[in-house]
Structures are given as C-alpha cells and as structure tokens.
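Each chain, letter by letter, is given below.
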Amino acid sequence: GPCVPFGIGRTGRYPGGNPMAQKVKLDRVDRRILADLQADGRMTNVELAKRAGISAPPCLRRVRALEEAGLIRGYHAEVDAKALGYQVTVFAQVGLSSQAEHDLEAFERMVRSWPEVRECHMLAGEADFLLKIVARDWEDYQRFLTTRLTPAANVTHVKSALSIRASKNEPGVPIALEGE
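Read on for an overview of the structure. (Residues numbered from 1 in each chain as written. Predicted model: local features only at pLDDT ≥ 70, side-chain atom pairs only at ≥ 80, totals over all residues. Heavy atoms only, no water.)

Along the backbone of the protein there are five helices and six strands. Beginning at the N terminus, the succession of helices and strands in the protein can be written as β-β-α-α-α-β-α-β-β-α-β. For the protein, buried positions account for 30% of its 180 residues. For the protein, restricting intrachain contacts to residue pairs at least 6 apart in sequence, the fraction spanning at least 24 positions comes to 62%. When the accessible surface of the protein is split by element, carbon and sulfur atoms take 54% of a total near 11800 Å². (Helix = DSSP H or I, 4+ residues; strand = E, 2+ residues; numbered from the N terminus. Buried < 20%, exposed > 50% of the residue type's maximum accessible area, 1.4 Å probe, protein only. Contact = heavy atoms within 4.5 Å. Areas by Shrake-Rupley, 256 points an atom, 1.4 Å probe, with all protein chains shown as cover.)

Dropping the structure here:
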C-alpha cells in the first residue's frame, strides 16, 4: 500500500483492519520521538518536544498517533533482577517431538503461563524454541527444568546455557535519526 506519513494533521487512525498492514512513513521528528521514548519512557512531553524541536501540543498528538498506529506498544519499568533475588539467567534451546501448528501453539500457551520464562522465540534451525529464563539461583533453575520444562508434553530435549553476564541489553530497535 501507499506510505502514510505521520507529520502535521496525521490522526494515526487507520480505517479498519490491522494498523501495521499499511506502511508508515516516519519523518525526522517521529523518529526522534521514538528514539527518545525508547531510551526513556518516562520523559515528559515538554522535554520530548524540546528534543524533537517542536512545541508540546503537536508532540503529544504525534505520540498518540504513534501509539494508535501500534509503533509504540507500551511503556515498562526496567527492574533490577538481582535486587529482586533473580541471580541467574539461562537461555534454553528446546526441541519438540512434533512441529504441527497445534503442538507449537500448545507449547507457546504453556510457556506463557510460566512467569520464569521472560522470552520465548520460535526458531528455524536445530532447536524449535529459545527461552530466556530467570531463576533465583542455579538450583532454582534446575528445579524448573526437571519439574516443568523437561517433562512437559512434546518436549524431547533441552540444552541450557547459563548467562555469565550481559554486556548489552538494549530495548527495542535501532532508530536512525537522519535520512531514511
């Protein structure tokens, strides 16, 4: 479909259907707003507008349009896992015996019910899923592994990799501030 610019006068409302079905053309100001909010979701509208080089009312309209279009999906606090007692992060590659769509969906439903699993990615390759799991310690992870993950329906193997440290953990995506 045609590119739909945000900019001045843009309401952000798409007539019917999936908001991402149309390609969205973002101008420099929209990209700056997205980059700034991605870095600090609590930035005030006044500060956001100042950094984007526009006044506060159109800045607020642009933020609302970006939210309505589904480009901003939510705002979250970054919590300190270790301070909350989660000392261990493990990446688990999981293989399933069946890759039939209903079996994949059943596995995903089950994983969504486990709060320890913070991310679940379906993969192309030798493993079917990659899970990011937090635990209080290694023993806590082993309990999760032996009582929930390994015995779960359709799971044939789990390969665990303990994260030693995270040297980068950036949310979102890179947003170019200049050009397209």
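Okay, the pairing of strand β4 (residues 117-122) next. As paired elements, β4 and strand β5 (residues 129-135) share five bridges and run antiparallel to each other. Across the sheet, residue Cys-120 finds its bridge partner in β5, namely Leu-131. Between β4 and the antiparallel strand that follows it, β5, lie six residues; Gly-125 among them carries a positive phi value of about 140°. (Pairing = 2+ DSSP bridges.)

A few words on unusual backbone geometry. Here the phi dihedral of Asn-154 falls at roughly 80°; this positive angle occurs in a residue that is not glycine. As for its placement among the helices and strands, Asn-154 is situated in the loop between α5 (138-149) and β6 (155-162).

Here the focus is the pattern of salt bridges. On inspection of all chains with the given rule, the structure shows nine salt bridges. When the shortest N-O distance is used, the salt bridge between Glu-47 and Lys-50 registers 3.7 Å. Here Lys-50 and Glu-47 lie together in helix α2 (residues 45-52), a separation of three residues that amounts to about one turn. Lys-50 gets classed as exposed once you look at its relative accessible area, which sits at 62%. Residue Glu-67 is joined to Arg-64 by a salt bridge in which the shortest nitrogen-to-oxygen separation is 3.3 Å. Taken together, the positions of Glu-67 and Arg-64, both in helix α3 (residues 56-68) and three residues apart, correspond to about one turn of that helix. Of the residues examined, Glu-67 reaches a relative accessible area of 26% and is grouped as partly exposed. A relative accessible area of 41% places Arg-64 in the partly exposed class. (Salt bridge = Lys/Arg side-chain N within 4 Å of Asp/Glu carboxyl O.)

Right, let's get into the sheet that holds β5. If you trace the four strands from one edge of the open sheet to the other, you get β4-β5-β3-β6, paired in antiparallel fashion. Strands with a single pairing partner mark the edges of an open sheet, and in this sheet they are β4 and β6. Between one strand axis and the next, the sheet turns by 20° as a mean value, whatever way the strands run. With seven bridges connecting them, strand β3 (residues 88-96) and β5 associate as antiparallel partners. Looking across to β5, one finds that Val-94 is bridged to Phe-129. Helix α4 (residues 101-112) rests against β3, β4, β5 and β6 of the sheet, and its axis sits at about 15° to β5. Docked against the sheet, α5 engages β3, β4, β5 and β6, running at close to 170° with respect to β6. (Axes fitted to C-alpha atoms, helices over the stretch in contact; angles between N-to-C directions.)

Time to look at the packing of aromatic side chains. Tallied over the full model, the rule gives four aromatic pairs. With 4.7 Å between their ring centres and 40° between their planes, Phe-107 and Phe-129 make a pair best called tilted. Taken as a pair, Phe-107 in helix α4 and Phe-129 in strand β5 lie far apart in primary sequence, 22 residues in all. In this pair, the class of Phe-107 matches that of Phe-129, namely buried. (Phe/Tyr/Trp six-rings, centres within 6.5 Å; stacked < 30°, edge-to-face > 60°.)

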